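# An overview of the molecular structure
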Amino acid sequence: MTDTAQEFDAVVIGAGFAGIYMLHKLRQQGLRVRLFEAGDGPGGAWYWNRYPGARCDSESYFYCYFFSDEILQEWSWSERFPAQPEIERYLNYVSDKLDLRKDMTFGARVTTAAYDEQANRWTVETSAGDKVTARYVVTAIGGLTSTAANLPDIPGVKDFQGEWYHTGHWPREGVDFRGKRVGVLGTGSTGIQAVPVIAETAGHLTVFQRTPAYIMPAKNHPLTEEYNAQIKANYPEIRAKVKTHWGGQPYDAPAYSFEEVTPEQALALQEEYWNNGGLRVIQLFKEGTRLPAAREFMENFFREKVRSIVKDPAKAEILEPKGYPMGAKRIALDTNYYETFNLPHVDVVDVRKTPITRITEKGILVGDTEYPLDVIVFATGYDAVTGPFRAMDIRGRGGMQLRERLDDGPRSYLGMSFYGFPNLLAVSGPANPALSTNVPASIEHDVEWISDIVDYAEKNGFKTIEPTEQAEDDWTEETQAKARGSVFDQADSWQYGSNVPGKPRRFLIWLGGLHTFRDRCAEVTREGYKGFTFT
Ligand code: N01
């Protein structure tokens, strides 16, 4: 427990990619900082998400920090798409390398942060009994966080007598599926990664699918020393590309226009992208998923792939992505997902066609059919972006509740600050581009921008940083305007908040792209932090 009497310059909440770098930056500025983390070690999302098959969908050579050449050169990734334990090791390595642990308190979930206008200090309390004060509070809590795990409101969900787990709260010691009847509910990125690994040991596996995802093969493989050496030699160029790319990825712009290639060429290109693996599929054509003809072509290609891999036509029919346009929900990466349904002990049940009636003591009732289960795995996602903020009691000027401010959807200025909450800053908060990009790249940007504005306030003798209400209103509206008419508008998804009953359908992410966001934030800085007031 951290000494009750302790006063800090800044408190950072969370020890994932964002919190680790934020702590480092603020400490470099000479501030006295304390970081609180609910888990027992660094990792954030990569600490909690230790479900079977958990793996990153971005390639390891750019799913990492770019701020330190030494770290880039010293650390070597072992696989193209790193698995959870390796990313957790990486974040532990960075924490040790920068000697951050001494300023981190683990096993302490921040419950309350309250602003005292008179003293201009925040009082932060944790589940472990810590109570400290600070001038600044920086949230680094992520948008898809274990505190906001989404357990579906299916009747009887608490009646089940067997074991059940949510993928976002996976037990450290793992789960023994050997010989058991397992049900997986949810077929987003997480379920798709977990299913093939669970099937390796389960006695019988039933996958309950409501919406079939569009899925690309990861084509994951180990990385050779030679490849890593080449990557390390190219890091200056890779970093430059990350900084100018829409999604913070070191990829070149698409070279082909769908309208300029023949159908045969389009097919050959699509096949090449499929064989290379990874999420670049929607970057194949210049038109992306915007041109309906290009999108339909890609959608049909995907369906054909499912039919060619899954031998049982009835299963293939259920698994084929349909009912919404590709790109309206996040495309997933798999390793042997479709192949798993060729195993005799693996079934898929279409719970869109026949909805789940209830969860019983013994299993899941779909229509009138009960599926008896020993274990249920809920891969049902998150109350994303606003959920992790709403899980804390954050009170600003005049007792204003951030939770209430976020009732109607995401609200912020630049996804990093909130009107009414002086000196509360958020790395990749609501209405920020991070979750539409290579997240560590967005995080690095936000951490550096926050560190700069804090530095500006400190050097100019200002005590508070706060956006104007107008700036927040405008940014909040712009976030919705950017999503309106986009492909996301055509489906329910966590990005729209429509995966959680009762949550308003408001887009949670600023969709302008990371390169544009960098420019916008730089412009705000250039214009004397336009939209902010300092006192
Ligand atoms: O969650 P999801 P996730 N009855 O919300 C189903 C990131 N991520 O944990 O689509 C039946 O996408 C729901 O069905 P439907 C990534 O950004 C990253 O998989 O609502 N089904 C859906 O199938 C990702 O997008 C990596 O019809 C119900 C599933 O549960 C985000 O995390 C790896 C239901 C939830 O899918 C979230 O992914 C993994 C109900 N009542 C995840 N309620 C990386 O590689 C929900 N579902 C970095």
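All of the points below concern the structure found in this document.

Analysis parameters
Residues numbered from 1 in each chain as written. Predicted model: local features only at pLDDT ≥ 70, side-chain atom pairs only at ≥ 80, totals over all residues. Heavy atoms only, no water. Helix = DSSP H or I, 4+ residues; strand = E, 2+ residues; numbered from the N terminus. Buried < 20%, exposed > 50% of the residue type's maximum accessible area, 1.4 Å probe, protein only. Near = heavy atom within 4 Å. Polar contact = N/O pair within 3.5 Å; in protein donor to acceptor, adjacent residues only side chain to side chain. Areas by Shrake-Rupley, 256 points an atom, 1.4 Å probe, with all protein chains shown as cover. Pairing = 2+ DSSP bridges. Axes fitted to C-alpha atoms, helices over the stretch in contact; angles between N-to-C directions. Contact = heavy atoms within 4.5 Å. Phe/Tyr/Trp six-rings, centres within 6.5 Å; stacked < 30°, edge-to-face > 60°. Lys NZ or Arg CZ within 6 Å of the ring centre and 35° of its normal. Parallel < 35°, antiparallel > 145°, perpendicular 65-115°, else oblique. Nonpolar A, V, L, I, M, F, W, Y, C, P; charged D, E, K, R; others polar. Lys, Arg positive; Asp, Glu negative; His and termini not counted. Salt bridge = Lys/Arg side-chain N within 4 Å of Asp/Glu carboxyl O.

Let us now look at unusual backbone geometry. The residue V385 is not glycine, and still its phi comes out positive at about 65°. Residue position: V385 is located in the loop between β16 (375–378) and α12 (386–390). Phi at L414 is positive, roughly 65°, even though this residue is not glycine. Along the chain, the position of L414 falls in the loop between α13 (402–405) and β18 (424–426). Assessed through its relative accessible area of 1%, L414 is described here as buried.

A few words now on the site of the ligand. Near the ligand there are 25 residues, and of these D57, T190, R210, T211 and W494 occur at the shortest range. Between G188 and the ligand, the recorded distance is 3.5 Å, taken from a backbone N or O atom to an oxygen atom. Measuring from an oxygen atom of the ligand, one finds a side-chain N or O atom of K329 at 2.9 Å. Here the ligand, which alone exposes 920 Å², has 87% of that area covered by the protein.

Sheet architecture is open: 5 strands sit in the order β7-β16-β8-β9-β12, paired in parallel fashion. Edge positions in the sheet fall to β7 (163–166) and β12 (346–350), since each of these pairs with one other strand and no more. Sheet twist, expressed as the average angle between the axes of neighbouring strands with direction ignored, equals 20°. As defined by bridge partners, strand β8 (residues 181–185) adjoins β16 across 4 bridges and the pair is classed as parallel. When the sheet's bridge partners are listed, L185 is paired in β16 with F378. Against the sheet, helix α5 (residues 189–201) touches β8, β9 (204–209), β12 and β16, its axis set at about 160° to β9.

On to the packing of aromatic side chains. On inspection of all chains with the given rule, the structure shows 50 aromatic pairs. Where Y496 meets F507, the ring centres are 4.9 Å apart and the plane angle is 75°; that geometry is what we call edge-to-face. With a gap of 11 residues between them, Y496 in the loop between α15 (469–483) and α16 (514–526) and F507 in the loop between α15 and α16 connect regions that are remote in the sequence. Accessibility classification places Y496 together with F507 in one group, the buried group. Ring-pair connections join several aromatic residues into one group, and the members of that group are F17, Y21, W46, Y63, Y65, F67, W75, W77, Y90 and Y93. When the ring centre of Y419 is taken as reference, the NZ or CZ atom of R397 above it lies at 5.4 Å.

Quick look at the packing of helix α14 (residues 439–459) against α16 now. It is at 11 Å that the axes of α14 and α16 come closest, and there the two elements cross at 5°. Viewed along their axes, α14 and α16 adopt a mutual orientation that is roughly parallel. Contacts between α14 and α16 pair A441, S442, H445, D446 and W449 from the former with L514, F517, R518, C521, V524 and T525 from the latter. Of the residues assigned to the contact of α14 with α16, the class counts are 6 nonpolar, 3 polar and 2 charged.

Right, let's get into the sheet that holds strand β14 (residues 363–366). Strand pairing in a sheet relies on backbone hydrogen bonds. The paired strands run either parallel or antiparallel. Spatially, the 3 strands line up as an open sheet ordered β13-β14-β15, and their pairing is antiparallel. Edge positions in the sheet fall to β13 (356–359) and β15 (369–372), since each of these pairs with one other strand and no more. Neighbouring strand axes in the sheet, compared pairwise and without regard to direction, differ in orientation by 20° on average. Sheet topology note: the β14/β15 ladder contains 4 bridges and is antiparallel. From the neighbouring strand, I364 faces β15, where its bridge partner is Y371.

Within the fold, E444 resides in helix α14. Of the side chains bearing the opposite charge, K243 lies closest to the buried E444, which forms no salt bridge; the N-O distance is 5.8 Å. Of note is the side chain of E444, whose polar atom sits 3.0 Å from the backbone nitrogen of F67. Excluding anything up to four places from it in sequence, E444 contacts Y21, C64, Y65, F66 and F67.

A separate point is the pattern of salt bridges. In the structure shown here, the tally under the stated rule is 37 salt bridges. Between D407 and R390 there is a salt bridge, with the nearest N and O atoms lying 2.4 Å from each other. Taken together, the residues span a long stretch of sequence, with D407 in the loop between α13 and β18 and R390 in helix α12 at a distance of 17 residues. Taking relative accessible area as the criterion, D407 reaches 38% and is therefore assigned partly exposed. Given a relative accessible area of 29%, R390 falls into the partly exposed group. R405 serves as the salt-bridge partner of E472, at 2.8 Å between the closest nitrogen and oxygen. With a gap of 67 residues between them, E472 in helix α15 and R405 in helix α13 connect regions that are remote in the sequence. Classification of E472 by relative accessible area gives buried; the value is 1%. Classification of R405 by relative accessible area gives partly exposed; the value is 22%.

Now for the pairing of β13. Looking along a regular strand, one sees the side chains alternate between the two faces of the sheet. When β13 meets β14, the two strands line up antiparallel, connected through 3 bridges. Bridge pairing in β14 places I359 opposite I364.

Remember that the coordinates give geometry; whether it matters functionally is a separate question.
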